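These are the residues of each chain, in order.
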Amino acid sequence: MSLNPSTVAPEAEPWPEAEQEPGSRSRSEGPEAGPWPDAESRSQPPAGPGSEPLPAAKPEPEPLSVWDPGLEAQPLPASESENQVPQRPRCHTDCLEAPLSRAFRRLGWEVGSHPWIFLLLPMVLTAALGTGLIYLPKDEEEDLEEQYTPIGSPAKAERRFVQGYFTANDSNVFSISRKSTEVNYASILVVSNTNSLLEREILSEISKVDDAVQALSVTQENGTQILYNEVCSKNQGYCVPSNPLLFAWKTNSDLNLKNITFPIYSLAGQVVYLANILGGTVVGESMGLSQLLLKAKAMRLQYYLKTGEGEDNKRSKTWLNHFLSQVGNLEKSLALKKIQVVYFTSLSRQLEFEATSMTVIPLFHLAYLLIILFAITSCYRCDCVRNKMWVAAFGVISAALAVVSSFGLMLYIGVPFVIIVANSPFLILGVGVDDMFIMISAWQKTNLMDGIKERMSNVYSKVAVSITITTITNVLAFYTGIMTSFRSVQYFCIYTGTTLLFCYFYNITCFGAFMALDGKREVVCLRWLKKPETPEQKCPSLKKSCCLPCDSLRDEHKADIHPMNLFFRDYFGPFLTSTESKFFVVLLYILYIISSIYGCFQVQEGLDLRNLASDDSYITPYFNVEEEHFSSYGPRVMVIVTEALDYWDKDARQKLEKCLADFENSDYVDKNLTEFWLREYVKYMQNHHQDVNDKITFLKNIPNFLVDFPLFMYDINITSSQDIICSRAFVQTMDVSSSTSKKLMLLQFRNMAEKCEIPLMVYNQAFIYFDQYSAILENTVRNVIVASTAMFIVSLLLIPHPLCSLWVTFAIASVIVGVTGFMAFWNVNLDSISMINLVICIGFSFDFSAHISYAFVSSSKPSVNQKTIEALYLLGYPVLQSTISTIIGVCVLSAAKAYIFRTFFKIMFLVMVFGAAHGLIFIPVFLTFF
């Protein structure tokens, strides 16, 4: 929102009040937000043909006219108004405003003198920079982990440690819990239509699904086929079973389904963990460490494929793509009646996320059309001279040129284009055109009888501070987002902040030049209206068409007050300042702030990975089924001893067991499912009557132990000198389905590892994404504090009144609390997407509040109610226009099928509504109290 606070009450110049110059106006103010007398232009003699001096920098004072809102709001006679000199603001300074205004005055003169140069050069620049769009990523995959997880998160360091000290050979013995990174896989969740799938008929249907998946093969371009058993991960030369219980039933159809125990099942002497492969379970009596399994509603079929670098990884992904193309018809082709299936692969998140960007392209065209219509409607007038609809349309084009130039430049210098940057043009279309409205408004208030150069210099001098404040505050708000630890947020803020700078540059160059050229059209229309056509003097039809619509010329020396300004002055202002209204506003604010604070404690943190896809994506029902039936058990977490330890020393083992017991006693751990090689080794040594406390005996028997328990060879790192430099255990987490529980579990585990006497570390591949839950709040708070501080400093420098700075701070805090709280009521998480918008709302909170409060404290009215009415008269309509233009820019995103784009709309809507409510309702009323 562009408002010029410094011109609300000029330092040494009385100003009329019924027709006051609303120099402090919104960045989206329409062309008729309120007239100002063109003192500067009238103080200059008309420029002669051969002499075109710059207009004087200091305007002459004008007679005052005052109005009484309680009466007819009519200007008083000049003789009375001359005695009504407004008081000079006590804290006013023009140390920054004056030189900026002078510089813009000279720039306006140059633009008016050489409009074609200032019009064409930016277009040439756009054409040059626009070629950078050829670097837009097409087939390149966007690394979700890189963009949407915190930079330098602890889990990434933990992963590097695991990768450096623990290896696994998938071709021999495969164990998913021992993997440090995600592997290639396909997953099918089977849900029974009956109460339980532990029935032969249902297991038979599940078996058909399993067989059909394993029978899938891909024919490559060279004619060779990729079979499942060629790309699957293997144990002892055989593909890892998709589900060990199903595999046991297929191997032995006489398997007694009534004697299955959960979550541990002993099958042919082998321990099988059923925790994550059966869902919706109902258990009965206790049987040792497990309970009798009575019912199971769902089953997971997991197909692990070869992962890594090279040809094997490529073939695995080819098979997965084929699986995705075929599995959708599986349910129909197999005529499944007793079960339902949903599916997911390791490629799905990436593929579906990339597909979401295509859904907003049609919406961009719609947003562009709506903004053009809004601009034309705001600037249309029946008076052909003052009609600025074509100028407004070009202003929207100017914003689009800024997007092309900025994006091209960023792509040229190598700033990655991530999908959430696709939100930026929608915001730019809404915000970028606002300075255009300011310039049109300033032009409408110049004298029609003056020359183009004079009028342009006057326009530029009046809008200098206004549009500069807008650019500084909004760009600062975006560039503070670069400090965040999420790369996607950094890139979005770089793209959008830079685009706003281009909008600023194009507004004062090519748009100003177009406005100057349109001024020449005004001259043609003015002459045509003043001189009726005669047979001897006819106006060419082309020039006639430029003067449509044709209407009687109004007084060219006077500008009309827009009806909306009169509405705020004569109706809304007096209504708001009544005692009853103030009481209601205070009550409304109390309800608002209480609801907001309550909502702040309900906000979920972190980006739900299902939200990276479109609503109609196949991964949404998969995550829904997983959440409903498989949420009891979470990932298996490694507890790693990170340094060499004398495991044969009884005291060392006791210390380690004590720490491990702390993990097992956690509310987030099932103590019966812990897996630790040392415990099994101690039992092994005792069964073989060996002294486990003797170093030589301890180390000598390890190779024989690993022959009987081959999986544990990947849990012990022994050097050639027989030193065990690190090892690991595994604990099974439970009840960690919500983002809050994931964050608390992670923090608790790391805290327990840190407190242990033995150096420990915890890790699971999912921790890479869990880290965002703790980082997002810290990043958001830091960015909000830094951006708010920057806005506070800007308010002190450019709007140097202590009361204004306090109200700016109050409004920023109040709007942020409101937006954050109502996010919870609108099902929006606090994630990297919403964090962007919270940073954005700081700039808008500044715009909406700073200038309203400054207009109030600068007013010379004797009562606080009259000060409030005057501030609303000057700025009510601009604030409303600013709100509408920005909401129009992003409203089309509400129809998007992707969470990312809908979230952007939701929060921007909250920002604009709450920001406008503070600017038009809360702050005007509160100012009357203080």
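No experiment lies behind these values; they were computed from the predicted model shown.

**Focus on the overall build of the protein**
Next up, step 1: Of the regular secondary structure elements, the protein holds 32 helices and 16 strands.
Next up, step 2: Across the 930 residues in the protein, those meeting the buried criterion constitute 58%.
Next up, step 3: Here the analysis covers contacts within the protein between residues at least 6 apart in sequence; of these, 79% occur between residues at least 24 apart.
Next up, step 4: For the protein, the exposed surface amounts to about 38,100 Å²; the carbon and sulfur share of it is 58%.

**Regarding a negative patch on the surface**
Next up, step 1: Residues Asp-646, Asp-649, Asp-651 and Asp-723 make up a contiguous surface patch of negative charge.
Next up, step 2: Positionally, Asp-646 belongs in the loop between strand 12 (633–641) and helix 23 (650–664).

**What to know about the environment of Ile-887**
Next up, step 1: Relative to the helices and strands, Ile-887 resides in helix 31 (residues 864–891).
Next up, step 2: Those residues within four positions of Ile-887 in sequence are excluded, and the remaining contacts are Phe-909, Met-912 and Val-913.

**So, the side chain of Ser-741**
Next up, step 1: Assignment of secondary structure puts Ser-741 in helix 27 (residues 739–755).
Next up, step 2: The contact partners of Ser-741, leaving out residues within four places of it in the chain, are Tyr-668, Asp-735 and Val-736.

**What about unusual backbone geometry?**
Of all residues except glycine, most have a negative phi; of all peptide bonds, most are trans.
Next up, step 1: The residue after Phe-262, namely Pro-263, is reached through a cis peptide bond having omega 10°.
Next up, step 2: By the element assignment, Pro-263 lies in the loop between strand 6 (261–262) and strand 7 (264–267).
Next up, step 3: One non-glycine residue, Ala-335, adopts positive backbone phi at about 55°.
Next up, step 4: Mapped onto the elements of the fold, Ala-335 is located in the loop between helix 11 (330–333) and strand 11 (339–345).
Next up, step 5: Judged by relative accessible area, which is 45%, Ala-335 ranks as partly exposed.
Next up, step 6: The backbone of Asp-735 shows a phi angle near 55°, a positive value even though the residue is not glycine.
Next up, step 7: Counting through the fold element by element, Asp-735 comes out in the loop between strand 15 (724–734) and helix 27.
Next up, step 8: Overall, Asp-735 belongs to the partly exposed group, its relative accessible area being 45%.

**Describing helix 7 (residues 200–214)**
Next up, step 1: Given a rise of 1.5 Å per residue, 15 residues ought to cover 21 Å, and the 21 Å separating the end C-alpha atoms of helix 7 matches this to within 8%.
Next up, step 2: Ile-202, Leu-203, Glu-205, Ile-206, Ser-207, Val-209, Asp-210 and Val-213 are the residues of helix 7 that are buried.
Next up, step 3: For helix 7, the secondary structure elements touched by its buried residues are strand 1 (185–192), helix 9 (244–251), strand 10 (290–304), helix 10 (311–327), helix 11 and strand 11.

**Some thoughts on the packing of aromatic side chains**
Next up, step 1: Counted according to the given criterion, the structure contains 55 aromatic pairs.
Next up, step 2: Arranged with centres 5.9 Å apart and planes meeting at 35°, the rings of Phe-767 and Phe-770 form a pair that is tilted. Of this pair, Phe-767 and Phe-770 both sit in helix 28 (residues 767–798), three residues apart, which is roughly one turn of the helix.
Next up, step 3: On the basis of relative accessibility, which here comes to 7%, the residue Phe-770 falls in the buried class.
Next up, step 4: Summarising the aromatic geometry, the rings of Trp-826 and Phe-905 are spaced 6.3 Å apart at their centres and angled 70° between planes, so their arrangement reads as edge-to-face. Remark: Phe-905 occurs in helix 32 (residues 899–929) and Trp-826 occurs in the loop between helix 29 (802–825) and helix 30 (832–858); sequence separation between them is 79 residues.
Next up, step 5: Trp-826 gets classed as partly exposed once you look at its relative accessible area, which sits at 30%.
Next up, step 6: Members of the aromatic cluster, joined through ring pairs, are Tyr-647, Trp-648, Phe-676, Trp-677, Tyr-681, Tyr-684, Phe-698, Phe-705, Phe-709 and Phe-712.

**Topic: the state of the cysteines**
Next up, step 1: What the rule picks out here adds up to two disulfides.
Next up, step 2: The disulfide partner of Cys-232 is Cys-239, and the gap between their sulfur atoms is 1.8 Å. As the torsion about the S-S bond is roughly -65°, the Cys-232-Cys-239 disulfide counts as left-handed.
Next up, step 3: Relative accessible area serves as the criterion here: at 0%, Cys-232 is assigned to the buried category.
Next up, step 4: Summary of cysteine pairing: Cys-510 is not part of a disulfide, and the nearest cysteine sulfur, belonging to Cys-503, is at 9.9 Å.
Next up, step 5: By relative accessible area, Cys-510 is classed as buried at 0%.

**A short note on the packing of helix 21 (residues 579–600) against helix 32**
Next up, step 1: Following both chains from N to C, one finds helix 21 and helix 32 inclined at 125°, their axes separated by 10 Å at the closest point. What the angle tells us is that helix 21 and helix 32 run oblique. Here helix 21 runs over helix 32; the crossing is left-handed. The residues of helix 32 that touch helix 21, namely those facing Lys-582, Val-585, Val-586, Leu-588, Tyr-589 and Tyr-592, are Phe-914, His-918, Ile-921, Phe-922, Val-925, Phe-926, Thr-928 and Phe-929.
Next up, step 2: Its residues assigned to classes, the contact of helix 21 with helix 32 shows eleven nonpolar, two polar and one charged.

**Things to note about the side chain of Ser-101**
Next up, step 1: Secondary-structure assignment places Ser-101 in helix 3 (residues 97–113).
Next up, step 2: Among all residues touching Ser-101, those that are not within four sequence positions of it are Ser-461 and Ala-464.

**Observations concerning the nonpolar core**
Next up, step 1: Counting residues in hydrophobic clusters, the biggest one holds 153 residues, and the most contacted among them are Phe-492, Met-515 and Ile-840.
Next up, step 2: Per-element accounting of this core gives the leading share, 19 residues, to helix 32.
Next up, step 3: Other than its neighbours up to four places away in sequence, Phe-492 contacts Ile-420, Val-421, Asn-423, Ser-424, Phe-478, Ile-836, Ile-840 and Phe-904.
Next up, step 4: If you look at the next biggest cluster of nonpolar residues, it comprises 68 residues, including Leu-197, Val-231, Leu-320 and Val-327.

**A short note on the packing of helix 4 (residues 115–130) against helix 14 (residues 389–412)**
For any two helices packed against each other, one specifies the crossing angle of their axes together with the interaxial distance.
Next up, step 1: Interhelical geometry of helix 4 versus helix 14 gives an angle of 40° and a closest axis separation of 8 Å. Here helix 4 lies oblique to helix 14, going by the angle between them. Seen along the crossing, helix 4 lies across helix 14 with a hand that is left-handed. Mapping the contact onto sequence places Leu-119, Met-123, Thr-126, Ala-128, Leu-129 and Gly-130 in helix 4 and Phe-394, Leu-401, Val-404, Ser-405, Gly-408, Leu-409 and Tyr-412 in helix 14.
Next up, step 2: Broken down by class, the residue content of the contact of helix 4 with helix 14 amounts to nine nonpolar, four polar and no charged.

**Remarks on helix 21**
Next up, step 1: End to end, helix 21 covers 32 Å across 22 residues, agreeing with the expected 32 Å (1.5 Å per residue, within 8%).
Next up, step 2: For helix 21, the secondary structure elements touched by its buried residues are helix 20 (563–576), helix 29, helix 31 and helix 32.

**Some thoughts on the pattern of salt bridges**
Next up, step 1: All told, the structure shown has 18 salt bridges when counted by the stated rule.
Next up, step 2: In this structure, Glu-664 engages Arg-679 in a salt bridge whose closest nitrogen and oxygen atoms are separated by 2.9 Å. Of this pair, Glu-664 sits in helix 23 while Arg-679 sits in helix 24 (residues 677–687), and the two are 15 residues apart along the sequence.
Next up, step 3: Of the residues examined, Glu-664 reaches a relative accessible area of 12% and is grouped as buried.
Next up, step 4: One salt bridge in this structure joins Arg-728 and Asp-715, with 3.0 Å as the shortest N-O distance. One end of the pair, Arg-728, is in strand 15; the other, Asp-715, is in the loop between helix 26 (702–708) and strand 14 (716–718), with 13 residues separating them in the sequence.
Next up, step 5: Judged by relative accessible area, which is 1%, Arg-728 ranks as buried.
Next up, step 6: If you follow the salt bridges from partner to partner, you end up with Arg-178, Arg-636, Glu-675, Asp-715 and Arg-728 in one network.

**A few points about the confidence of the model for the protein**
Next up, step 1: Per-chain confidence: the protein averages 79 in pLDDT, with 83% of residues scoring 70 or above.
Next up, step 2: Long-range and interchain partners of residues 1–93, a stretch whose pLDDT sits below 50, account for 262 contacts in this model, where long-range means more than four residues apart.

**With respect to the pairing of strand 12**
Next up, step 1: Most of strand 12 is tucked away: nine of the nine residues are buried.
Next up, step 2: Pairing of strand 12 with strand 15 involves seven bridges; the strand directions are antiparallel. By the bridge assignment for strand 15, Val-641 is matched with Ser-727.
Next up, step 3: Taken together, the four bridges between strand 12 and strand 16 (residues 760–763) define a ladder with antiparallel strand orientation. Bridging across to strand 16, Val-639 finds its partner in Val-762.

Here is what the cut-offs are and how they apply
Residues numbered from 1 in each chain as written. Predicted model: local features only at pLDDT ≥ 70, side-chain atom pairs only at ≥ 80, totals over all residues. Heavy atoms only, no water. Helix = DSSP H or I, 4+ residues; strand = E, 2+ residues; numbered from the N terminus. Buried < 20%, exposed > 50% of the residue type's maximum accessible area, 1.4 Å probe, protein only. Contact = heavy atoms within 4.5 Å. Areas by Shrake-Rupley, 256 points an atom, 1.4 Å probe, with all protein chains shown as cover. Patch = residues over 30% accessible without salt bridge, like charges linked within 9 Å, V, L, I, M, F, W, Y side chains within 5 Å. Salt bridge = Lys/Arg side-chain N within 4 Å of Asp/Glu carboxyl O. Lys, Arg positive; Asp, Glu negative; His and termini not counted. Charge placed at Lys NZ, Arg CZ, Asp CG, Glu CD. Expected span 1.5 Å × (residues − 1). Phe/Tyr/Trp six-rings, centres within 6.5 Å; stacked < 30°, edge-to-face > 60°. Disulfide = S-S within 2.5 Å. Axes fitted to C-alpha atoms, helices over the stretch in contact; angles between N-to-C directions. Parallel < 35°, antiparallel > 145°, perpendicular 65-115°, else oblique. Left-handed = near helix turned anticlockwise from the far one by under 90°. Nonpolar A, V, L, I, M, F, W, Y, C, P; charged D, E, K, R; others polar. Core = buried A, V, L, I, M, F, W, Y, C linked by side-chain atoms within 4.5 Å. pLDDT = per-residue confidence, 0-100. Pairing = 2+ DSSP bridges.

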